[in-house]
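Architecture and fold: a report
In case you want the letters, here they are:
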Amino acid sequence: MQIVSGTEMRTIDDMTINQYGFEEFALMESAGRAFTEALCQRITRQDRILVFIGGGNNGGDAVICARHLLERGYDVIPLLVVEDTHFKGAAKKHLELFRDFGHEVLHLSSLQVEKSKTIVDQTDVIVDGMLGTGVKGAVREPVATMVSLVNQAKACVFSLDIPSGMPADEAAPEGFGVKADMTITLSNPKETFYLPKYRLYTGKIITVDIGIPAKAQQTITPGKFLITPESVRNNLPVRGPDFHKGKAGRGLLIAGSQVMPGAAALSGEAALRSGAGLLTLGIQAGVTLPLPGACREYMYRLLQVDDGKLECIPLQGYDAVAVGPGLGRDHAIQWEKQFNGYAGTVVVDADGLHQLKGHITKFPLQTKGPVVLTPHPGEMAMLLDCSKEEVEGHRFEKARELAAMGYYVVLKGKNTIIANPDGSLWVNTSGSPALSKGGTGDVLTGMILGMILQGIGLVHALKAAVYIHGACGERTEHVQEAMAVTAGDVINEIGPVIRHLKLMPGPLPVDIEWETVIIE
Ligand SMILES: NC(=O)C1=CN([C@@H]2O[C@H](COP(=O)(O)OP(=O)(O)OC[C@H]3O[C@@H](n4cnc5c(N)ncnc54)[C@H](O)[C@@H]3O)[C@@H](O)[C@H]2O)[C@@H](O)CC1
Ligand SMILES: [K+]
């Protein structure tokens, strides 16, 4: 499932209409109808419906929705928030058709604000078709007053394509808009749906297919995609009857310190629970690991510290190395000496990232294999010399900026982003507030290491680890309060979540990119 900015959506629409000859009028009909179908599955015949109609193509879609609802016998008030003169092209034709079929629209200009407030108060369902991806700048009157009215309404609000007023481009200045209960988005989820500043706007997100050809979608490169459970399931490691531990990789985890031994234990156990075949823990000599746990299952390599530097470990025989959880910053990793020419995968997290900072531009050139960085927003800000707010406001851009230095980036947070050095992105939708606790990041690093070791391909491994980690958080909430969940509880869900994924009912979709998905 591809995610797009508003600008990219316009490019796709232009290709569809101008390059492939699709009629704009018919495409709009398809959009309005797909929206209505999804809407009708969620409302009842008794609902009083108010359809807010703007003057652009989003309003055109809303006119079509109002027509279909009326033709199906629903109780509908179509309310035009601008004058007829705003309507152009296909939207204008659809408005004319609406009237030709004998339907009437109410004009906002003919109502007092008090009257419009009464109408809103008496409504059960609001269709928000005022502004779509074409919004520019802050919402102007009279739409701004209507946005406020909608946000105070008791009615269930369904935004058409995107909540009115909210921009569809990450680069646009922050906008104020409708706060929907559900957004039924056309063709592709918009990138801003996955930014923290707009989290309260979309409500649940549903994507509907409006018949845009795949060829038009493929013109957007590098692409941004949602991680779907189906795509994770299709690429999970499989163990045949002749399987043995050597086939599940040999990993090295350099982690832990006197004050944070638990981070090493959590990461290591998560790597093993995610399928790692053999794991060695490289840990500073003298650190006492908390027992029990998975500490029994891995091998140890005690690291000496000399002159403030951590001893280097020969890396032959290790398929991947993860470095950083709980490591501290006092004992320096000798990046160049330790990893020079190493052809396996290196994963750097937590204190490892702080230590890597001074080597950030050189490091990908010193290793032969891929390097994965797993920063949270604060660590990302540190790596890119910007503020955490800048990272959170521009998560796609910042993930790509770091990836362009030659890294695979896992930018953590709600809707974790995976970025490829070529700029391709994957966005996660699983997760839970239960994961907001110390140690869950260490668990994710271990899971990433475990998945990488099983040889399913680096991006598939990252997608699987990130998705399953989020799903583990969701599952912990079924049996206990989110606030009570610990990182150890998350580890305990890895096996059940993978089992659940593997047993998912139904045939596998041939091409998930074109499935309609419901994102809770
Ligand atoms: N061919 C296409 O391009 C298709 C577009 N579709 C729909 O078209 C939408 C995009 O349509 P448009 O590009 O016409 O744009 P919109 O309908 O999002 O908005 C344009 C209108 O809003 C007004 N406007 C812009 N910024 C404003 C602000 N800050 N305050 C108040 N009014 C403002 C403009 O004057 C114009 O009338 C999508 O969201 C989608 O709903 C669908 O019909 C599918 C096909
Ligand atoms: K809208």
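Note that the coordinates shown come from a computational prediction; the quantities given were computed from them, not determined experimentally.

We now examine the domain arrangement of the chain. A common way to report how large an interface is uses the accessible area buried once the components associate. When cut into domains, the chain gives domain 1 (2–220) and domain 2 (230–236 + 245–503). With centres defined by C-alpha atoms, the gap from domain 1 to domain 2 works out at 41 Å. The partner domain 2 presents ten residues to the eight residues of domain 1 that form the contact. With both sides pooled, the region where domain 1 packs onto domain 2 buries about 870 Å², and carbon together with sulfur makes up 62% of that total. Remark: the boundary between domain 1 and domain 2 carries zero salt bridges.

What follows deals with the nonpolar core. By size, the foremost hydrophobic cluster in this structure holds 67 residues, and its most contacted members are Phe 35, Leu 39, Val 51, Phe 52, Leu 69, Met 130 and Ile 184. The element contributing the most residues to this core is helix H2 (residues 24–40), with eight residues. Ile 184 has contacts with Phe 35, Ala 38, Leu 39, Phe 158, Ser 159, Leu 160, Asp 161, Ile 206 and Val 208, leaving out every residue within four places of it along the chain. With 58 residues, the next largest nonpolar core counts Ala 264, Val 443, Ile 491 and Ile 494 among its residues.

Glancing now at the packing of aromatic side chains. Enumeration over the complete set of coordinates arrives at eight aromatic pairs. Aromatic side chains Tyr 298 and Tyr 300 sit 5.7 Å apart centroid to centroid with 65 degrees between the ring planes, which places their arrangement in the edge-to-face category. Here Phe 339 and Phe 363 contribute two aromatic rings whose centre-to-centre distance is 5.6 Å and whose plane-to-plane angle is 90 degrees, an arrangement assigned as edge-to-face. Taken together, the residues Phe 339 in helix H10 (residues 335–339) and Phe 363 in helix H12 (residues 363–366) connect sequence positions 24 residues apart. Since its relative accessible area comes to 0%, Phe 339 is described here as buried. With relative accessibility at 0%, the residue Phe 363 sits in the buried group. An aromatic cluster is built from Trp 335, Phe 339, Tyr 342 and Phe 363, whose rings are joined through pairwise contacts. In this structure, Arg 45 packs its charged tip against the face of Tyr 74, placed 4.4 Å from the ring centre. Here the basic side chain of Lys 179 rests over the ring of Tyr 201, its NZ or CZ set 5.2 Å away from the ring centre.

Bringing the site of ligand 1 into the picture now. In the vicinity of ligand 1 lie 24 residues, with Asn 58, Asp 61, Gly 132, Lys 136 and Asp 161 positioned nearest. The backbone of Gly 134 places a nitrogen or oxygen atom 2.9 Å from an oxygen atom of ligand 1. A distance of 2.9 Å is found between a nitrogen atom of ligand 1 and a backbone nitrogen or oxygen belonging to Ala 138. Out of a free accessible area of 870 Å², ligand 1 has 83% covered by protein chains. Sorting the residues of the shell around ligand 1 by element identifies helix H1 (6–19), H2 and helix H3 (57–71) as the ones contributing at least two each.

Here the potassium ion (ligand 2) is held by Asn 58 (OD1), Asp 128 (O), Leu 131 (O), Leu 160 (O), Ile 162 (O) and Ser 164 (OG), and the distances to it run 2.6 to 3.1 Å. Angles of 66 to 177 degrees at the metal separate the six donor atoms of the potassium ion (ligand 2), which places the site in the irregular class. Here the donor residues of the potassium ion (ligand 2) share one chain and are spaced in sequence as N-x69-D-x2-L-x28-L-x1-I-x1-S. Residue Asn 58 is found in helix H3, and its partner Ile 162 is found in the loop between strand E6 (156–160) and strand E7 (182–186); the two are separated by 104 residues along the sequence. Note on accessibility: Asn 58 and Ile 162 belong to one class, buried.

What counts, and where the lines are drawn
Residues numbered from 1 in each chain as written. Chains lettered and ligands numbered in written order. Predicted model: local features only at pLDDT ≥ 70, side-chain atom pairs only at ≥ 80, totals over all residues. Heavy atoms only, no water. Domains from an automatic or database assignment. Contact = heavy atoms within 4.5 Å. Buried area = accessible area lost by both parts, 1.4 Å probe. Salt bridge = Lys/Arg side-chain N within 4 Å of Asp/Glu carboxyl O. Core = buried A, V, L, I, M, F, W, Y, C linked by side-chain atoms within 4.5 Å. Buried < 20%, exposed > 50% of the residue type's maximum accessible area, 1.4 Å probe, protein only. Helix = DSSP H or I, 4+ residues; strand = E, 2+ residues; numbered from the N terminus. Phe/Tyr/Trp six-rings, centres within 6.5 Å; stacked < 30°, edge-to-face > 60°. Lys NZ or Arg CZ within 6 Å of the ring centre and 35° of its normal. Near = heavy atom within 4 Å. Polar contact = N/O pair within 3.5 Å; in protein donor to acceptor, adjacent residues only side chain to side chain. Areas by Shrake-Rupley, 256 points an atom, 1.4 Å probe, with all protein chains shown as cover. Donors = N, O, S within 2.8 Å, 3.2 Å for Na, K, Ca; no water. Tetrahedral: all angles 85-135°; square planar, octahedral: opposite > 155°, others 65-115°.

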